[in-house]
Every structure is written in structure tokens, then in C-alpha cells.
Amino acid sequence: RKEVEQDPGPFNVPEGATVAFNCTYSNSASQSFFWYRQDCRKEPKLLMSVYSSGNEDGRFTAQLNRASQYISLLIRDSKLSDSATYLCVVNKGRGGADGLTFGKGTHLIIQP
Amino acid sequence: DTEVTQTPKHLVMGMTNKKSLKCEQHMGHRAMYWYKQKAKKPPELMFVYSYEKLSINESVPSRFSPECPNSSLLNLHLHALQPEDSALYLCASSQDRGLAAYNEQFFGPGTRLTVL
């Protein structure tokens, strides 16, 4: 089983639509969870951390299910500028500053 | 300010060259990281420095040699690289708040390395 699994897409979505991504992770020792976005030939940028209680940041909502080792991201009222690759990311579970494991990413294309 | 800077932006080197990549952050972070990203793949962790000490080496070949001169700077020294080492090298930094904390990592723009 891959450490972090995501549907690579691409997801082609009309502007204004709602889109949802999911990922699963295999390392039960992981304790912190994130979504990053990466534009073509750019660095990953932190979109949001994902907490057990679920959290929202504007149009973005993230959920975490530790029992199922499942993370989700919901984007509402999608904008053209949301087109990017969305990376599901977990820490390696070794404690402290221990590095991140990235999924391969889900490619999102917002169409006008 | 969540900025991590990296130099150079691009680097082309031969297999016998010695070069260095540099990374700097001024966010007061005490952990710094090197990642390698090949085309169409996710970043992969190489090294972690915590409080200026090397804490994690992900079995990286010795032709890559990291150095942390102080809490703001991180270098990656390169020697006798192979063409398959061509990749985007990303530096990141974070707080180091201990075991169960969320130590959000912020990435620099990367150095795009080509080994001929």
C-alpha cells in the first residue's frame, strides 16, 4: 500500500462548482496532516492544516478521519485560480520536526 | 513574512564538479529540510536539521552533503553527482514544537539542477 494515496485526476470542473478530493494514508503514527497546492514548476504552498475536528478556511473545508486514515478537501465556488495540483501530506510520525510524506497529487482544472 | 529563499534558481553542473545550494529563512524557525522533487513526482525528504543539528538523513548518498552554519542558513554541497540526480531541490523550514505539534513547513522556490 502506498504511504499516501490520491486520485491523480485530472478533475475538470466548471467555474463556480464544488469539488472534493480525498486521500488515504497508511502510517498510523502520523500526527499532523496538511493540504498543499503546487502550481506547474513552482514550490508546494501550504493551503491548510487538517485537524481532527475538521476545519474551514474561506471556500476550503478539510476533514480528517483518523480511524479510517482518510483526509478530504472540499473547495466551494471554485475559481479559475484554483487550477493547480493538490497534494495530500502527512508527517512521518517520528516526532518533532520529522519531515513530510506527500501524495502524488490531484490535478484540478477549473474551466471558464 | 513566510519567505524562504534559495540560490541559485538554476544550476547546470558536470559530474566532476563541486557546487553548493543555499537556503535562508528569517522566520525564526528552528527546523530546516531538504527535499528532492523529480518531474511529475511528489517531493521526497532528504535531510532534516533541528536546532542546527542533523536529525534525519533519509539514506541519501554521500555525494550530497548538508550543512547548517546557523539557524537561518542551510546548505547542500554537491560532488560527483550523476545525471539521475537532476531534479528540483526544495528547502523548507518550520517551527520544531515537539512530538504532537503541527510544524507547518514553508518551502522555498527551489533550485532546478541539471547534471550533465
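In this report, the structure presented in the accompanying data block is examined. (Residues numbered from 1 in each chain as written. Chains lettered and ligands numbered in written order. Predicted model: local features only at pLDDT ≥ 70, side-chain atom pairs only at ≥ 80, totals over all residues. Heavy atoms only, no water.)

Section: the interface of chain B and chain A
- Facing 26 residues of chain B, the contacting portion of chain A comprises 24 residues.
- Summed over both sides, the interface of chain B with chain A buries roughly 2,100 Å², with 57% coming from carbon and sulfur.
- For the pair chain B and chain A, the interface holds 2 salt bridges.
- Our count for the contact surface shared by chain B and chain A stands at 8 residue pairs in polar contact (both at pLDDT 80 or more).
- Elements with a contribution of two residues or more to the side of chain B that touches chain A: strand E4 (31-37), strand E5 (44-50), strand E6 (53-57) and strand E10 (106-107) of chain B.
- Residue contributions to the side of chain B that touches chain A peak at 4 residues, all from E4(B). (Contact = heavy atoms within 4.5 Å. Buried area = accessible area lost by both parts, 1.4 Å probe. Salt bridge = Lys/Arg side-chain N within 4 Å of Asp/Glu carboxyl O. Polar contact = N/O pair within 3.5 Å; in protein donor to acceptor, adjacent residues only side chain to side chain. Helix = DSSP H or I, 4+ residues; strand = E, 2+ residues; numbered from the N terminus.)

Remarks on unusual backbone geometry
- Residue A:Pro10 follows A:Gly9 across a cis peptide bond; omega there is 10°.
- Take A:Pro10: it is sitting in the loop between strand E1 (4-6) and strand E2 (11-14).
- At the junction of B:Thr7 and B:Pro8, the peptide bond is cis and its omega measures out at -10° in the coordinates.
- Positive phi outside glycine occurs at A:Gln69, with the angle close to 55°.

So, the side chain of A:Gln38
- With respect to the helices and strands, the residue A:Gln38 is situated in strand E4 (residues 33-38).
- Accessibility expressed as a relative area gives 10% for A:Gln38, which makes it buried.
- There is a polar contact of 2.9 Å between the side chain of A:Gln38 and the side chain of B:Gln37.
- Each residue touching A:Gln38, except ones within four places of it in the same chain, is listed here: A:Glu43, A:Pro44, A:Ala84, A:Thr85, A:Leu87 and B:Gln37. (Buried < 20%, exposed > 50% of the residue type's maximum accessible area, 1.4 Å probe, protein only.)

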